[in-house]
Amino acid sequence: MLYNFDEVIDRRDTGSVKWHYSDETIPLWVADMDFKAAAPILQSIEQVTQHGILGYIKPTEALYDAIIDWHGSRYNLQLDKDNILFSPGVVPSLALMMHVFTEVGDAVLINDPIYAPFMSKVEQNGRTLVTSALKDVEGQYRLDLADIEAKITQHDVKLYLLCNPHNPGGRVWTAEELEAILTLCKKYNVAIVSDEIHQDLTLSGHTFTPLLTLATGYEHKVVSLTSMTKTFNIAGIKGSMIFAKDEGLIKKISQQQHLNDEYELNLFAYTAMRSAYEQGGAWLTQALEYIEANIDLTVRFLEEYLPDVRIMRPEASYLIWLDCSAYAKDDQMLYDTLRDAKVELNAGIKYGQEGHLKMRINVACPKALLTEGLNRIYQALENSSKH
Ligand SMILES: Cc1ncc(COP(=O)(O)O)c(C=O)c1O
């Protein structure tokens, strides 16, 4: 089946987070695509409602098989049913991991910039936030391994929250980079939680490596978190997975989940998860093609009209990290300038100090919307640079 990603679907007045504006703002922010979900997912939900019984539910063998097959065939990640737990979301799991691996006051390491909940969950849970800035090397982020090691020893870090693929920079960390992280963490006995929610949005020319495929011998300290929600644009359904290969660790995580009785998903999440992994591949392939074309369109537009915006071309995802420092001196003013032009992007500063004068744009929308949004960005920044 061929999907039409050019279709503009009105999302106003649906309770959508992305489209909550009452005016004509074009929202190119939160990581949510403006594309209709894959037909097999929608059909699987329709089947449930047609059946008409919405009672208590548990994960089926077929669901486990779908998860195991997807990860085994795409990433050579060999999972057993016993390696898989369910969680309402990756962010709730990040919070849970504080309790699995650390005590109040312990140091938790993250990179800067980073998806904002990495910071807030550490702090809200009373842990000490330690950051290691990523280095911009010729327009792509690199890990600063020397700094990471210094931070680990200086602060006695207990847990490293890794984001792979990285949000907002779009890097897909290579196997070599992941090996280097593992070596450091093993040396100092630091646990690693790898948020891999953007794994399936890896773009052509890049290879996603699940951390667990490299963690042999250190599996008691490695957890990965992922979900079908980002991949298949069904974030409103909520639902995610926790993978760990060590029996004792899985047991500990499960016990922690049971403290709040938060280890189950709802009927629609299980249903969508299974149909997505069993039958969503064709939609995903087409969505990624459309996204790559939108990334090209955005890069070409910016290079032509706003040549002083420095673009970090993503290796995964539909999010592009833009350095707008040539066009602004103040973070709030930069955000407001775009806001006033009725185009909404994420302010980079929300992702840490490294986000100063940067903006994150989401290009997963029909070309017509993207083009209008880019024109507004051009008008706004071009005008502001004249003042
Ligand atoms: C890196 C990363 N982790 C987690 C999430 C959200 O996960 P969830 O909705 O499952 O809590 C996002 C959403 O944008 C994300 O970019």
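Reading guide: rules and limits
Residues numbered from 1 in each chain as written. Predicted model: local features only at pLDDT ≥ 70, side-chain atom pairs only at ≥ 80, totals over all residues. Heavy atoms only, no water. UniProt positions renumbered as here; feature names shortened; annotations may be inferred. Helix = DSSP H or I, 4+ residues; strand = E, 2+ residues; numbered from the N terminus. Rg over C-alpha atoms; globule rule 2.2 N^0.38 Å. Buried < 20%, exposed > 50% of the residue type's maximum accessible area, 1.4 Å probe, protein only. Contact = heavy atoms within 4.5 Å. Lys, Arg positive; Asp, Glu negative; His and termini not counted. Charge placed at Lys NZ, Arg CZ, Asp CG, Glu CD. Pairing = 2+ DSSP bridges. Axes fitted to C-alpha atoms, helices over the stretch in contact; angles between N-to-C directions. Near = heavy atom within 4 Å. Polar contact = N/O pair within 3.5 Å; in protein donor to acceptor, adjacent residues only side chain to side chain. Areas by Shrake-Rupley, 256 points an atom, 1.4 Å probe, with all protein chains shown as cover. Core = buried A, V, L, I, M, F, W, Y, C linked by side-chain atoms within 4.5 Å. Domains from an automatic or database assignment. Buried area = accessible area lost by both parts, 1.4 Å probe. Salt bridge = Lys/Arg side-chain N within 4 Å of Asp/Glu carboxyl O. Left-handed = near helix turned anticlockwise from the far one by under 90°.

- In the nomenclature of an unreviewed UniProt entry, the protein is known as cysteine-S-conjugate beta-lyase of Psychrobacter alimentarius.
- Taken from UniProt, the Cofactor (unreviewed entry) comment for the protein reads in full: "pyridoxal 5'-phosphate".
- Its UniProt record gives the protein a comment under Sequence similarities (unreviewed entry), which states: "Belongs to the class-II pyridoxal-phosphate-dependent aminotransferase family. MalY/PatB cystathionine beta-lyase subfamily."

1. Notes on the overall build of the protein
Phase 1 of the analysis: On a plain count of helices and strands, the protein comes out with eleven helices and 15 strands.
Phase 2 of the analysis: For 387 residues, the compact-globule estimate of 2.2 N^0.38 gives 21 Å, and the C-alpha radius of gyration of the protein, at 21 Å, lies within 12% of that figure.
Phase 3 of the analysis: Along the first, second and third principal axes, the C-alpha set of the protein runs to 60 × 60 × 35 Å.
Phase 4 of the analysis: Counting across all 387 residues of the protein, residues that qualify as buried make up 57%.
Phase 5 of the analysis: Pairs at least 24 residues apart make up 73% of the contacts formed inside the protein by residues separated by at least 6 positions.
Phase 6 of the analysis: Charge centroids of the protein, computed over 35 positive and 53 negative side chains, lie 2 Å from each other.

2. Notes on the sheet that holds strand β4 (residues 128-133)
Note: strands within a sheet are paired through backbone hydrogen bonds, in either parallel or antiparallel orientation.
Phase 1 of the analysis: As summarised here, the arrangement of the seven strands in space is β2-β10-β9-β8-β7-β3-β4, forming an open sheet in which the pairing is mixed. Each edge of the open sheet carries a strand with a single partner, namely β2 (84-87) and β4. On average, adjacent strands in this sheet sit at an angle of 25 degrees to one another, irrespective of strand direction.
Phase 2 of the analysis: Relative to strand β8 (residues 191-195), strand β7 (residues 157-163) is paired through five bridges, and the arrangement is parallel. Its bridge partner lying in β8, Leu161 is registered against Val193.
Phase 3 of the analysis: Packing of helix α5 (residues 145-155) onto the sheet brings it into contact with β3 (107-112), β4 and β7, and relative to β4 it is tilted by some 160 degrees.
Phase 4 of the analysis: This element, helix α7 (residues 247-259), spans β2, β9 (222-226) and β10 (240-243) of the sheet and lies at about 20 degrees to β2.

3. A few points about the site of the ligand
Phase 1 of the analysis: Around the ligand, the structure places Ala31, Gly89, Val90, Val91, Pro92, Tyr115, Cys163, Asn167, Asp195, Ile197, His198 and Lys230.
Phase 2 of the analysis: The separation between a nitrogen atom of the ligand and a polar side-chain atom of Asp195 is 2.5 Å.
Phase 3 of the analysis: In the environment of the ligand, an oxygen atom lies 2.8 Å from a nitrogen or oxygen atom belonging to the side chain of Lys230.
Phase 4 of the analysis: Computed on the free molecule, the ligand has an accessible area of 400 Å², of which 90% lies beneath the protein chains in the complex.

4. A closer look at the nonpolar core
Phase 1 of the analysis: Core analysis: the largest hydrophobic core is formed by 105 residues, its most contacted members being Phe86, Phe232 and Trp283.
Phase 2 of the analysis: For this core, the element with the most residues is helix α9 (residues 281-305), which contributes eleven residues.
Phase 3 of the analysis: For this core, the two domains that each supply at least three residues are domain 1 (26-39 + 281-385) and domain 2 (56-279).
Phase 4 of the analysis: For Trp283, the residues in contact, after removing those within four places along its chain, are Tyr3, Phe5, Met33, Phe35, Lys36, Ala37, Ala38, Thr231, Phe232 and Asn233.
Phase 5 of the analysis: Counting residues in each nonpolar core, the second largest holds 27 residues, with Leu85, Val90, Met98 and Phe101 among its members.

5. A short note on the domain arrangement of the protein
Phase 1 of the analysis: Taken domain by domain, the protein consists of domain 1 (26-39 + 281-385) and domain 2 (56-279).
Phase 2 of the analysis: Centre-to-centre, using C-alpha coordinates, domain 1 lies 26 Å away from domain 2.
Phase 3 of the analysis: Of the residues lining the interface, 31 residues belong to domain 1; the matching set on domain 2 comes to 35 residues.
Phase 4 of the analysis: When the two sides are added together, the surface that domain 1 and domain 2 hide from each other amounts to roughly 2,800 Å², 56% of it contributed by carbon and sulfur.
Phase 5 of the analysis: Contact with domain 2 buries surface across domain 1, with Met312, Glu315 and Tyr351 losing the most and accounting together for 26% of the total.
Phase 6 of the analysis: Along the contact surface separating domain 1 from domain 2 lie two salt bridges.

6. Observations regarding the side chain of Lys230
Phase 1 of the analysis: Inspection of the secondary structure puts Lys230 in the loop between β9 and β10.
Phase 2 of the analysis: Buried and without a salt bridge, Lys230 has Asp32 as its closest oppositely charged side chain, separated by 7.5 Å.
Phase 3 of the analysis: Separated by 3.1 Å, the side chain of Lys230 and the backbone oxygen of Ala31 make a polar contact.
Phase 4 of the analysis: Discounting chain neighbours no more than four positions away, the residues touching Lys230 are Ala31, Met33, Ile197, His198, Leu201 and Tyr318.

7. Considering unusual backbone geometry
Phase 1 of the analysis: Across the junction of Asp112 and Pro113, the peptide omega takes the value 5 degrees, indicating a cis bond.
Phase 2 of the analysis: Along the polypeptide, Pro113 turns up in the loop between β3 and α4 (117-124).
Phase 3 of the analysis: The omega angle of the peptide bond from Asn167 to Pro168 is 20 degrees, so this bond is cis rather than trans.
Phase 4 of the analysis: Inspection of the secondary structure puts Pro168 in the loop between β7 and α6 (175-187).

8. Focus: the UniProt feature "domain: Aminotransferase class I/classII large" (unreviewed entry) in the protein
Phase 1 of the analysis: Following the UniProt record, the feature "domain: Aminotransferase class I/classII large" (unreviewed entry) maps to residues 47-377 here.
Phase 2 of the analysis: Within residues 47-377, the helical portion is 41% and the strand portion 18%, while the C-alpha atoms at the span's ends are 43 Å from each other.

9. Structural notes on the sheet that holds strand β12 (residues 319-323)
Phase 1 of the analysis: Taking strand neighbours across the sheet as the criterion, the four strands line up as β11-β12-β15-β14 in an open arrangement whose pairing is antiparallel. The open sheet is flanked by β11 (310-312) and β14 (346-347), the only strands paired with a single partner.
Phase 2 of the analysis: Pairing geometry for β14 and strand β15 (residues 358-362), over two bridges, is antiparallel. Residue pairing across strands places Ala347 opposite Met359, the latter belonging to β15.

10. What about the packing of helix α1 (residues 39-51) against helix α8 (residues 267-279)?
Phase 1 of the analysis: Two numbers describe how α1 lies on α8: the axes approach to 8 Å, and their chain directions differ by 140 degrees. Viewed along their axes, α1 and α8 form a crossing whose handedness is right-handed. The residues of α8 that touch α1, namely those facing Pro40, Ile41, Ser44, Ile45, Val48 and Thr49, are Leu267, Phe268, Thr271, Ala272, Ser275, Ala276 and Gln279.

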